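Overview (structure and organization)
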Amino acid sequence: MPDITDIVLDEHETFRRRFAELDDKRAAGAGRAVLEGLWRPLANLLERHAAAEEELFYPRLLQKGANAEEETEDAISDHNDIRAAIARAADEVAGGEKWWRAVLDARNANSDHMAEEEREAFPDFREHVDMKTRAELGEAWLRYAEEHAGARGLELEQEDPEEYIEEHS
Ligand SMILES: [Fe+2]
Ligand SMILES: [Fe+2]
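Quick summary incoming for the structure in this document. Along each chain, the written sequence defines residue order, and numbers are assigned to residues from 1. Starting at A for chains and at 1 for ligands, labels are handed out in the order in which the entities are written. Two thresholds apply to this predicted model, a pLDDT of at least 70 for residue-level local features and 80 or more for giving and counting side-chain atom pairs, whereas whole-chain, interface and lining totals are computed over all residues.

Helix numbers and strand numbers start at the N terminus; a helix is a DSSP run of H or I with at least 4 residues, a strand a run of E with at least 2. When you go through the protein chain residue by residue, the secondary structure sums to six helices and zero strands. For the protein chain, the N- to C-terminal ordering of α and β elements is α-α-α-α-α-α. In terms of overall size, the protein chain behaves like a compact globule, its C-alpha atoms giving a radius of gyration of 16 Å where 169 residues would be expected to give roughly 15 Å. Buried, partly exposed and exposed are defined by the number of other C-beta atoms within 10 Å of a residue's own C-beta, namely 20 or more, between the two limits, and 12 or fewer respectively, with C-beta atoms placed from the backbone. Residues classed as buried in the protein chain amount to 27% of the 169 residues present. When contacts within the protein chain are restricted to residue pairs at least 6 apart in sequence, those whose partners lie at least 24 apart make up 81%. Radius of gyration here uses only the C-alpha atoms, and the compact-globule reference equals 2.2 Å multiplied by the residue count raised to the power 0.38. Contacts here follow a simple rule: the backbone-placed C-beta atoms of the two residues must lie within 7 Å.

See the structure below:
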């Protein structure tokens, strides 16, 4: 049975690798279509990842974690920063200066966020959520990922951290 924390860590690693591929494409002087072809699936994966965490991971952390409210508030506002940068990139031509700035903003926000998630939210979750639940959430994550592949059917909107916490506490 897949453990949700393993799946999330794997996806974090995928983000690091895809951004590294973008670096290679940039260094090779890749054109608009190549950059767009790499960025669009990555942006969709970032959106789907954040949505899946908000659907499956953070609600359980809020129920069980020791410092969950603070961790969740940080995470939702980081997810909002990532979503905002992705939305900015979508308004620009791939490869242009403003597009790169938006893509790098998404990357920076995501890097800082993954580090914080791995350093704070995950240890709290591992300590307080049992293995059976982790496996059930892992199954649910895989179903969610299939259902929303390519960010299909997701509301790509900003989420108010306080409202979210109230709703899931
Ligand atoms: Fe996250
Ligand atoms: Fe994450």
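Note on terminology: a nonpolar core is any set of buried Ala, Val, Leu, Ile, Met, Phe, Trp, Tyr and Cys residues joined through C-beta atoms within 7 Å. The biggest cluster of nonpolar side chains holds 34 residues, and the ones touching the most others in it are Trp39, Ala89 and Ala106. If you list the elements that add at least two residues to this core, you get helix H1 (4-27), helix H2 (32-64), helix H3 (68-90), helix H4 (97-128) and helix H5 (131-147). Sorting elements by how many residues they give to this core places H2 first, with twelve residues.

An expected span of 1.5 Å times one less than the residue number is assigned to each helix. In this model H4 runs 45 Å from its N-terminal to its C-terminal C-alpha over 32 residues, within 8% of the 46 Å that 1.5 Å per residue would give. We define the bend at any residue as the angle between the axes fitted to the seven residues before and including it, ending there, and the seven starting there. Of all the bends in H4, the largest measures some 40 degrees and sits at glutamate 117. Of the residues making up H4, those classed as buried are Trp99, Ala102, Val103, Ala106, Arg107, Ala109, Asn110, Glu117, Ala121 and Phe125. Where the residues of H4 are buried, they touch H1, H2 and H3.

Right, let's talk about the environment of alanine 27 for a bit. Relative to the assigned elements, alanine 27 resides in helix H1. Under the C-beta neighbour-count criterion, alanine 27 is labelled exposed, with 8 such atoms within 10 Å. Taking the C-alpha atoms as reference points, alanine 27 and threonine 14, separated by 13 residues in sequence, lie 20 Å from one another.

With that settled, the discussion passes to the packing of H2 against H5. Working convention: axes come from line fits to C-alpha atoms, limited for helices to the stretch in contact. Angles between N-to-C directions cover 0 to 180 degrees. Two elements in contact, H2 and H5, have axes whose closest approach is 10 Å; the angle formed by their N-to-C orientations is 155 degrees. With respect to H5, the element H2 is oriented roughly antiparallel. Two packed elements cross with a definite hand, and for H2 against H5 that hand is right-handed. Across the interface between the two elements, Arg48, Ala52, Glu55, Leu56 and Arg60 of H2 pack against Thr133, Leu137, Ala140, Trp141, Tyr144 and Ala145 of H5. In this classification, Asp, Glu, Lys and Arg are treated as charged, Ala, Val, Leu, Ile, Met, Phe, Trp, Tyr, Cys and Pro as nonpolar, and every other residue, Gly included, as polar. For the contact of H2 with H5, the per-class residue count stands at seven nonpolar, one polar and three charged. Note that the term roughly parallel is reserved for angles under 35 degrees, roughly antiparallel for angles over 145, roughly perpendicular for angles of 65 to 115, and oblique for everything else. In this scheme the handedness of a crossing depends on how the near helix is turned from the far one: anticlockwise by less than a right angle means left-handed, clockwise means right-handed.

Below, the discussion takes up the packing of H1 against H2. The N-to-C vectors of H1 and H2 enclose an angle of 160 degrees; their axes lie 10 Å apart at closest approach. Viewed along their axes, H1 and H2 adopt a mutual orientation that is roughly antiparallel. The two elements H1 and H2 cross, and the hand of that crossing is left-handed. Counting all contacts with H1, which are made through Ile4, Val8, Glu11, Thr14, Phe15, Arg18, Glu21, Leu22 and Lys25, the residues of H2 involved are Val34, Leu35, Leu38, Trp39, Leu42, Leu45, Leu46, His49, Leu56 and Phe57. Class assignment of the residues belonging to the contact of H1 with H2 gives a composition of 13 nonpolar, two polar and four charged.

In short, the description is geometric, and any link to function would need to be established separately.
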